[in-house]
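Letter by letter, the chains look like this.
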Amino acid sequence: MKRSKPWIKIGPDAATIIFFVLALLIIPGILPNNYWQSIFSITGIYVMLALGLNIVAGFTGLLDLAYIAFFGIGGYTFAFLCSSHFGIHLPFLIALPICALTAMVSGFLLGLTSIRLRGDYLAIVTLAFAQIFKLLLLNLDTPVNITGGVNGIYAFDMINIFSIKIVTPENYSTLIWTCALLVFIVSFRLKDSRIGRGWNAIREDELAANTIGINTTRMKLYSFASGALIAGFSGAVFASFQDSVFPNSFGFQQLVIVYCMVIIGGLGNIYGVIAGAVILSILPEILREYGGLRMMIYGAVLVSVMAIRPQGLFSVIPGFTKLTRRPDKDETGELRASTDLYYFQKNDKIDSIKFKKQATSLLKIQNLTLNFGGLKAIDDLDFSLHKNEILSIIGPNGAGKSTLFNIISGIYKSDQGKVIYKDLDISSYKPHMVAKSGIARTFQNLRLFNELSVIDNIKISRFCRTKSFFFSAILNLKLNKREEKETDEKAKTILSMFGERLTGYRYNQKVSQLSYANRRRVEIARAMATDPEILLLDEPSAGMNPQETEEITKFIKQLRDQYGVTILVIEHKLNLVKAVSDRVIVMDYGKKICEGSYDDVSKNPLVIEAYLGKKAKSEK
Ligand code: ADP
Ligand code: MG
């Protein structure tokens, strides 16, 4: 079957190469005067700056309002290191990385204190940092002159790169656009790597990202620091280009402009952000002759763009994005039925059973208790899960079943008791550690990465099983190449477990476009892609019709029988419970009221009273 590739896989395509060739070789030669030459250079700086912010705000979804301060830290560090201000005259190529690293370390330190804050709170703390930074710039000129106050610092050393002197405006634009190309390549490589996928997952759903093995706190910190690194780098280039630094270049207004570039281009979309930076750098200059009206028109353009295309001007560029739709015909040319009626054939033939319940226990729940205020959600719960077993947990709504899953997967900490997994006490593990140790879960109310494609949702799960890091991802070293290939193959293998339901053209569909049943399947596939030994399924058939329920029932059995996964499943549909369970545990008010085979449990008077009622008798 022919498979289409997602467009981001194509690599820096022809348009981008042409863009940078033009920017580097042709435009500097044809600009009419030095004024336009300098606008062209400034545009290059904004492209870098916007691409850096795009990593933090676009890829990771962090509202970082300190971003412009890191730009300033880069600029001022450059002024300190390459001028007569302190009499330090470092060569450009040594000063540049120092400036970038200084900004990165500042970003890292600020991140350490505030990255655990969410949304608005992070915005407030980072904004405060930016304001303090600007006040320091303004006031650190007395008693010792450090920042030069309002006037800043000027007259820097001439740049000399391997005895090539950077003096003319053309020299500068070449230098700046070379740096911009570098930043473009870095952000492109990061976006399409394990790291970029981890960031995207955090943006889409932080808790879900955490439960599939991503250390979200650490990854957010890396994102914050990477943004600061690029801002600092751009700041140093900007300072040397302007031959001066002063506080007004690093204020709130600048921050708003860079944010507009990223938002107009489409958060997270590299090509869009470059286009946004180019348009918003040039637009004010074109409008310059309208004097006072200039900023008003600028604002009006921004507001209208956001009103018409809130997802960003370039979120879908025709010709760049392959829109995938269901093919009407299959590969033999036969007209095919609507896929949701297309029966799942692979599972129909039942292979020999390879795995069966064993006597050894894999997971032990010991005296577990959790209170929410006065409510005992889990009350002295005790049970064990055996290797290769399918154990169902049933019970009325509010019995504490999902809460139990939240404790096992590390989202809640129990007040008392332990969770022992293979002789290891995992009670204090964070969600990503639980996932990494081999326990994966699904959620009762789906928590998918809705704006990402089906295949990316699955690939993200490989995060905790791969190692490629910044260096390897940016340079696309052997390790990265191998892991990317394995990640892709693994994701496709996992998706093919559902027959044709999630393969082919479905790979590149956004999860939010899928049917409800298919989204449930993607969530199971996502959990399976972490290579779990134990799978926790929270109402896997909720919202499915009878036919889909029958299919998922077979699938759950197959996960154990064929793949040897140990399964703990919460379910309301008793047909499913009856068909899959080796054992059943009934919970009520946080307690285990009964345990045994489905038949035993369904006869138990306590259970009938608490939950099954009259329906249970007819069920039998
Ligand atoms: P179910 O067995 O239906 O999955 P849950 O485990 O979701 O039940 O909930 C058990 C009880 O704990 C319910 O009464 C619920 O309202 C309460 N509960 C669950 N999560 C929280 C929470 N985060 N804060 C307070 N109460 C909660
Ligand atoms: Mg529940």
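Residues numbered from 1 in each chain as written. Chains lettered and ligands numbered in written order. Predicted model: local features only at pLDDT ≥ 70, side-chain atom pairs only at ≥ 80, totals over all residues. Heavy atoms only, no water.

1. Remarks on the pairing of strand β8 (residues 375–386)
In the sheet, strand β7 (residues 361–372) pairs with β8 via eight bridges, with the strands oriented antiparallel. Each residue of the ladder has a partner; that of Lys364, found in β8, is Ser384. Between β7 and β8, which pair antiparallel one after the other, the connecting turn spans two residues, and Gly373 there sits at a positive phi close to 60°. (Pairing = 2+ DSSP bridges. Helix = DSSP H or I, 4+ residues; strand = E, 2+ residues; numbered from the N terminus.)

2. Topic: the site of ligand 1
By nearness alone, every residue bordering ligand 1 is listed as Phe372, Leu375, Ala377, Asn397, Gly398, Ala399, Gly400, Lys401, Ser402, Thr403 and Tyr412. Note that an oxygen atom of ligand 1 is positioned 2.8 Å from one of the backbone N or O atoms of Gly398. At 3.2 Å, a backbone N or O of Ala399 approaches an oxygen atom of ligand 1. When ligand 1 is considered free in solution it has 560 Å² of accessible area, and contact with the protein chains removes 63% of it. Elements that contribute at least two residues to the shell around ligand 1 include exactly β8 and α13 (401–408). The leading source of residues in the shell around ligand 1 is α13, at three residues. (Near = heavy atom within 4 Å. Polar contact = N/O pair within 3.5 Å; in protein donor to acceptor, adjacent residues only side chain to side chain. Areas by Shrake-Rupley, 256 points an atom, 1.4 Å probe, with all protein chains shown as cover.)

3. Some words on the nonpolar core
Counting residues in hydrophobic clusters, the biggest one holds 103 residues, and the most contacted among them are Met48, Phe70 and Phe78. Considering every element that reaches this core, the biggest residue donor is helix α2 (residues 34–59), with 13 residues. Leave out the neighbours within four places in its chain, and Phe70 touches Asp64, Ala103, Ser106, Gly107, Leu110, Phe129, Phe224, Ala228, Ala231 and Gly232. (Core = buried A, V, L, I, M, F, W, Y, C linked by side-chain atoms within 4.5 Å. Buried < 20%, exposed > 50% of the residue type's maximum accessible area, 1.4 Å probe, protein only. Contact = heavy atoms within 4.5 Å.)

4. Things to note about the packing of helix α6 (residues 169–191) against helix α11 (residues 270–286)
Put simply, α6 and α11 touch, their axes get as near as 11 Å, and they point 150° apart. Taken together, α6 and α11 sit at an angle that is classed as roughly antiparallel. When α6 is examined against α11, the residues Phe184, Ser187, Phe188 and Lys191 are found in contact with a partner set consisting of Ile270, Tyr271 and Ile274. Class assignment of the residues belonging to the contact of α6 with α11 gives a composition of five nonpolar, one polar and one charged. (Axes fitted to C-alpha atoms, helices over the stretch in contact; angles between N-to-C directions. Parallel < 35°, antiparallel > 145°, perpendicular 65-115°, else oblique. Nonpolar A, V, L, I, M, F, W, Y, C, P; charged D, E, K, R; others polar.)

5. Considerations on the coordination of the magnesium ion (ligand 2)
Donor atoms from the polypeptide that coordinate the magnesium ion (ligand 2) comprise Ser402 (OG) and Gln444 (OE1), at 2.0 Å from the metal. Taken together, the residues span a long stretch of sequence, with Ser402 in helix α13 and Gln444 in the loop between β12 (439–441) and α15 (454–460) at a distance of 42 residues. Given a relative accessible area of 22%, Ser402 falls into the partly exposed group. For Gln444, a relative accessible area of 28% translates into the label partly exposed. (Donors = N, O, S within 2.8 Å, 3.2 Å for Na, K, Ca; no water.)

6. Topic: the domain arrangement of the protein chain
What the domain assignment reports for the protein chain is domain 1 (38–252) and domain 2 (357–438 + 532–620). Placing a centre on the C-alpha atoms of domain 1 and another on those of domain 2 gives a separation of 49 Å. A buried area of about 490 Å², summed over both sides, lies between domain 1 and domain 2, and 70% of it is on carbon and sulfur atoms. At the boundary of domain 1 with domain 2, the tally comes to zero salt bridges. Across the contact surface, domain 1 and domain 2 share one residue pair in polar contact (both at pLDDT 80 or more). Residue composition of the side of domain 1 that touches domain 2, grouped by class: three nonpolar, four polar and no charged. (Domains from an automatic or database assignment. Buried area = accessible area lost by both parts, 1.4 Å probe. Salt bridge = Lys/Arg side-chain N within 4 Å of Asp/Glu carboxyl O.)

7. Section: the sheet that holds strand β13 (residues 534–538)
Pairing within the open sheet is mixed, and its six strands lie in the order β12-β13-β14-β9-β15-β16. Sheet topology places β12 and β16 (591–596) at the edges, where each strand pairs with a single neighbour. This sheet shows a mean twist of 20° between the axes of neighbouring strands, independent of strand direction. Here β13 pairs with strand β14 (residues 566–570) via five bridges, running parallel. Paired with Asp538 across the strands is Ile570, a residue of β14.

8. Quick notes on the sheet that holds strand β11 (residues 424–425)
Pairing is antiparallel in the open sheet, where four strands are placed in the order β8-β7-β10-β11. Pairing within the sheet leaves two strands with one partner each, and these edge strands are β8 and β11. The sheet contact formed by β7 and strand β10 (residues 416–421) spans five bridges and is antiparallel. Within the sheet, the bridge partner assigned to Leu363 lies in β10 and is Tyr421.

9. Re unusual backbone geometry
Each neighbour pair has its own omega, and for Thr142 with Pro143 the value is -10°, a cis peptide bond. Its place among the elements puts Pro143 in the loop between α5 (119–139) and β3 (153–154). Non-glycine residue Asp380 carries a positive phi angle of around 50°. Note that Asp380 resides in strand β8. Among the residues examined, Asp380 registers a relative accessible area of 45% and is labelled partly exposed. Here Asp531, not a glycine, exhibits a phi torsion of approximately 55°, which is positive. Among the structural elements, Asp531 can be located in the loop between α18 (516–528) and β13. Note on Asp531: relative accessible area 33%, which makes it partly exposed.

10. Some thoughts on the side chain of Asp379
Structurally, Asp379 is set in strand β8. Side chain to side chain, Asp379 and Lys591 meet in a polar contact 2.6 Å long. With residues near it in sequence (within four places) discarded, Asp379 still touches Leu368, Thr369, Tyr589, Gly590 and Lys591.

11. As for the pattern of salt bridges
Between side chains of opposite charge, pairing is possible as soon as their charged atoms come close. Overall, the coordinates contain 23 salt bridges when judged by the stated rule. The residue Arg447 makes a salt bridge to Asp205 at a minimum N-O spacing of 2.9 Å. Here the residue Arg447 occupies a position in the loop between β12 and α15, and Asp205 occupies one in the loop between α7 (194–204) and α8 (206–211), the gap between them amounting to 242 residues. Linking Asp531 and Arg462 is a salt bridge whose minimum nitrogen-to-oxygen distance equals 3.1 Å.

12. Some remarks on the packing of aromatic side chains
The final tally for this structure, using the stated rule, is 27 aromatic pairs. Consider the rings of Tyr76 and Phe250, whose centres lie 5.9 Å apart with planes at 65°: the pair is edge-to-face. One end of the pair, Tyr76, is in helix α3 (residues 67–81); the other, Phe250, is in the loop between β6 (244–245) and α10 (252–265), with 174 residues separating them in the sequence. Like Phe250, Tyr76 is buried. What links up through ring pairs into an aromatic cluster is the set Phe19, Phe20, Phe40, Trp177, Phe184, Phe188 and Tyr271. The aromatic ring of Phe443 is capped on one face by Arg441, whose charged end is 4.1 Å from the ring centroid. The ring of Phe449 has Arg526 lying over it, and the distance from NZ or CZ to the ring centre is 4.7 Å. (Phe/Tyr/Trp six-rings, centres within 6.5 Å; stacked < 30°, edge-to-face > 60°. Lys NZ or Arg CZ within 6 Å of the ring centre and 35° of its normal.)

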